[in-house]
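A closer look at the structure
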Amino acid sequence: MSGATIEVRGLHKSFGDHEVLRGVDLTVPAGTVTVVLGPSGSGKSTLLRLINHLEKPARGVVSIDGELIGYRRSGDRLHELREREVLRQRTRIGFVFQNFNLFPHLTVLENLVEAPVSALGRPRAAVRELALELLGRVGLADKADEYPRRLSGGQQQRVAIARALALEPKVLLFDEPTSALDPELVGEVLDVIKDLARAGSTMVVVTHEIGFAREVADTVVFMDGGVVVEQGPPEQVLDRPEHPRTRAFLAKVL
Ligand code: ADP
Ligand code: MG
């Protein structure tokens, strides 16, 4: 799987008079993994939602392989893209949520096939073939015809990851993918994400799993209060944090 570079420049976002992102810059080079850490309320989910334009920024831009997300540039002006165009862009940005968000009335296989067929117009037979291959990759080939409620949380999250992959995304965003899981199911989901990292996917993973960050991240980003407080390789940010806020946070989660 090949990845694309994500660039975030000067991102600001407010809800009412609460400034949730206060100028975030981030570069995730193609084929690398960035793990985002930070206390609850620091703006991590908002950052991911702005990357795929589920929220509009107050200021700043996101681009993926140089393509602006949500806007078209003409001269030095930005024009908002039509909803259709934004939806098209969003299909190539895989998003995996804390709570899986599978379609309960569709089988596992149908969950994977739905969007590529309806949103991208891909031929159903080819998508089915890809979907079965992806289910094999996440270790669930035998669950294709089950309904989500019959699966464990770990299995459901692996289906959600396969569903994101079925759209052949350029990048993958994970928002606390294991925090809704019983502890004994966390490992199987992290293993799938690790495989994707090894295969060269570009990923941003919001997680509190420090061991995972240490093993998989190229870059660890620590956010607090809507800004990136500190970022660098895991051994720097996790073992020799420079900022007192990073140290205080790590002391709580380690
Ligand atoms: P994190 O994921 O780091 O816990 P979030 O990005 O979810 O943080 O939220 C950052 C802040 O923005 C929180 O104070 C949250 O309450 C607020 N917030 C997030 N989304 C909304 C929204 N849609 N409306 C109002 N406030 C929001
Ligand atoms: Mg969050």
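Worth saying up front: this structure is predicted, and the values here are computed from it rather than measured.

Bringing the pattern of salt bridges into the picture now. Per the counting criterion, the structure on display carries 15 salt bridges. Measuring nitrogen to oxygen at the nearest pair gives 3.2 Å for the salt bridge that ties arginine 49 to glutamate 55. Between glutamate 67 and arginine 88 there is a salt bridge, with the nearest N and O atoms lying 3.4 Å from each other. Within this pair, whereas glutamate 67 is found in strand E5 (residues 67-68), its partner arginine 88 is found in helix H2 (residues 83-91), the two being separated by 21 residues in sequence. Given the relative accessible area of 27%, glutamate 67 is considered partly exposed. In this structure arginine 88 comes out as partly exposed when scored by relative accessible area, which is 39%.

So, on to the packing of aromatic side chains. Going through the model one piece at a time under the given rule, you end up with two aromatic pairs. On the basis of an interplanar angle of 40° and a centroid distance of 5.3 Å, the ring pair of phenylalanine 222 and phenylalanine 249 is categorised as tilted. One end of the pair, phenylalanine 222, is in strand E11 (residues 219-224); the other, phenylalanine 249, is in helix H9 (residues 244-253), and 27 residues separate them in sequence. By the burial criterion, phenylalanine 222 is buried, and phenylalanine 249 matches it. Positioned above the aromatic ring of phenylalanine 103, the side-chain terminus of arginine 163 is 5.1 Å from the ring centre.

With 13 residues, helix H5 (residues 153-165) extends 18 Å from end C-alpha to end C-alpha; this agrees with the ideal 18 Å at 1.5 Å per step. Of all 13 residues in H5, 13 are buried, a share of seventy percent or more.

Another aspect to go through is the site of ligand 1. Close contacts around ligand 1 come from Phe15, His18, Val20, Pro39, Ser40, Gly41, Ser42, Gly43, Lys44, Ser45 and Thr46, and that covers them all. At 3.0 Å, a backbone N or O of glycine 43 approaches an oxygen atom of ligand 1. With respect to ligand 1, the side chain of threonine 46 contributes an N or O atom lying 2.5 Å from an oxygen atom. Contact with the protein chains hides 60% of the accessible area of ligand 1, taken as 560 Å² for the molecule alone.

For the rest of this paragraph, the subject is the UniProt feature "domain: ABC transporter" (unreviewed entry) in the protein. Per the UniProt annotation, the sites labelled "domain: ABC transporter" (unreviewed entry) are residues 6-250. Across residues 6-250, the secondary structure splits into 37% helix and 28% strand, with the terminal C-alpha atoms separated by 26 Å.

Attention now goes to the sheet that holds strand E2 (residues 18-28). Sheets are built from strands paired through backbone hydrogen bonds, the pairs being either parallel or antiparallel. On the basis of which strands lie adjacent, the open sheet formed by four strands has the order E2-E1-E4-E5 and antiparallel pairing. Where the open sheet ends on each side, the last strands, each with one partner, are E2 and E5. As paired elements, strand E1 (residues 6-15) and E2 share eight bridges and run antiparallel to each other. What sits directly across from lysine 13, in E2, is leucine 21. Contacting E1, E2 and strand E4 (59-64), helix H1 (residues 44-51) crosses the sheet at an angle of about 120° to E1.

Rules behind the numbers
- Residues numbered from 1 in each chain as written.
- Chains lettered and ligands numbered in written order.
- Predicted model: local features only at pLDDT ≥ 70, side-chain atom pairs only at ≥ 80, totals over all residues.
- Heavy atoms only, no water.
- Salt bridge = Lys/Arg side-chain N within 4 Å of Asp/Glu carboxyl O.
- Helix = DSSP H or I, 4+ residues; strand = E, 2+ residues; numbered from the N terminus.
- Buried < 20%, exposed > 50% of the residue type's maximum accessible area, 1.4 Å probe, protein only.
- Phe/Tyr/Trp six-rings, centres within 6.5 Å; stacked < 30°, edge-to-face > 60°.
- Lys NZ or Arg CZ within 6 Å of the ring centre and 35° of its normal.
- Expected span 1.5 Å × (residues − 1).
- Near = heavy atom within 4 Å.
- Polar contact = N/O pair within 3.5 Å; in protein donor to acceptor, adjacent residues only side chain to side chain.
- Areas by Shrake-Rupley, 256 points an atom, 1.4 Å probe, with all protein chains shown as cover.
- UniProt positions renumbered as here; feature names shortened; annotations may be inferred.
- Pairing = 2+ DSSP bridges.
- Contact = heavy atoms within 4.5 Å.
- Axes fitted to C-alpha atoms, helices over the stretch in contact; angles between N-to-C directions.

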